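Here is what each chain is made of, one letter per residue.
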Amino acid sequence: GQIASEHGVDPSLAAAVAWQESGFNNGVVSSANARGVMQVLPGTWDWIQQNLAAQPLDPASTNDNVHAGVMYLDQLLRDTGGDEATAVAAYYQGLGSVQSAGMLPGTQRYVDNVMALRGRFGGP
């Protein structure tokens, strides 16, 4: 919550994404090689490090993984004009894909799950 607040992201939204992605488990590595609590892909990690991070981030650090994921979510919120559902869809599917193809059915389920989870973490 504190990290999300530092980056201007609703803590309940960041927590819901983290729970949906990994169940708050930093040891999770997906079949696509996404890693950590926020399940950040290596290419996305590099982009965050080069474009958003003020200092080097340690890929093995739980704290840095959450910072990276929240910074990316914040960027997606800015890119979508604050549309939380579209930003969450872009986190899962990729912004370019969401913009060109719309939300795929699996992405819509992901977004619905994240939005429903927000209540667990103090959100609407």
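The preceding data block contains the structure.
What comes next is a walk through the structure. Within any chain, residue numbers begin from 1 and follow the written order of that chain's sequence. The predicted nature of this model means local features are confined to residues of pLDDT at least 70 and side-chain atom pairs, given and counted, to a pLDDT of 80 or more, with totals for whole chains, interfaces and linings taken over all residues. Hydrogens and water are ignored here; the side-chain numbers use all heavy atoms of the structure.

Structural notes on the side chain of Gln-39
Working step 1: Relative to the elements of secondary structure, Gln-39 occurs in the loop between α2 (11-22) and α3 (42-51).
Working step 2: Between N or O atoms, a polar contact is any pair within 3.5 Å; within protein, one atom must be a potential hydrogen donor and the other a potential acceptor, and residues adjacent in sequence are included only when both atoms are from side chains. Within polar-contact distance, the side chain of Gln-39 engages the backbone oxygen of Gly-36 at 2.8 Å. Secondary structure counts use DSSP, requiring at least four H or I residues in a row for a helix and at least two E residues in a row for a strand, with both numbered from the N terminus.

Observations regarding helix α5 (residues 84-93)
Working step 1: Each residue gets one of three labels from its accessible area relative to the maximum for its type: buried under 20%, exposed over 50%, partly exposed in between, using a 1.4 Å probe on protein chains only. Along α5, the residues that are buried comprise Ala-87, Val-88, Ala-89, Ala-90, Tyr-91 and Gln-93.
Working step 2: Any two residues whose heavy atoms approach within 4.5 Å are treated as being in contact. Of the surrounding elements, those touching the buried residues of α5 are α2, α4 (62-79), α6 (95-101) and α7 (105-117).
Working step 3: Of the residues flanking the start of α5, the one acting as N-cap is Asp-83, its side-chain oxygen 3.2 Å from the backbone nitrogen of Ala-85.

With respect to the environment of Val-111
Working step 1: Summarising the element assignment, Val-111 is placed in helix α7.
Working step 2: On the basis of relative accessible area, Val-111 is assigned to the buried category, the value being 3%.
Working step 3: A C-alpha to C-alpha distance of 5.9 Å links Val-111 and Ala-89, two positions 22 residues apart in sequence.
Working step 4: Sequence-distant contacts of Val-111, defined by excluding residues within four places in its chain, comprise Ala-85, Val-88, Ala-89 and Met-103.

Notes on the nonpolar core
Working step 1: In this structure, Val-17, Met-38, Val-70 and Tyr-91 are the most contacted members of the largest nonpolar core, which totals 34 residues.
Working step 2: For this core, the secondary structure elements donating two or more residues are α1 (2-6), α2, α3, α4, α5, α6 and α7.
Working step 3: Among the elements that line this core, the one with the most residues is α4, at eight residues.
Working step 4: Excluding residues within four positions of it along the chain, Tyr-91 makes contact with Val-17, Glu-21, Met-38, Val-40, Gly-69, Tyr-72, Leu-73, Leu-76 and Tyr-110. Note on terminology: a nonpolar core comprises buried Ala, Val, Leu, Ile, Met, Phe, Trp, Tyr and Cys residues joined through side-chain atoms within 4.5 Å.

Without other data, these values stay purely geometric and don't point to any function.
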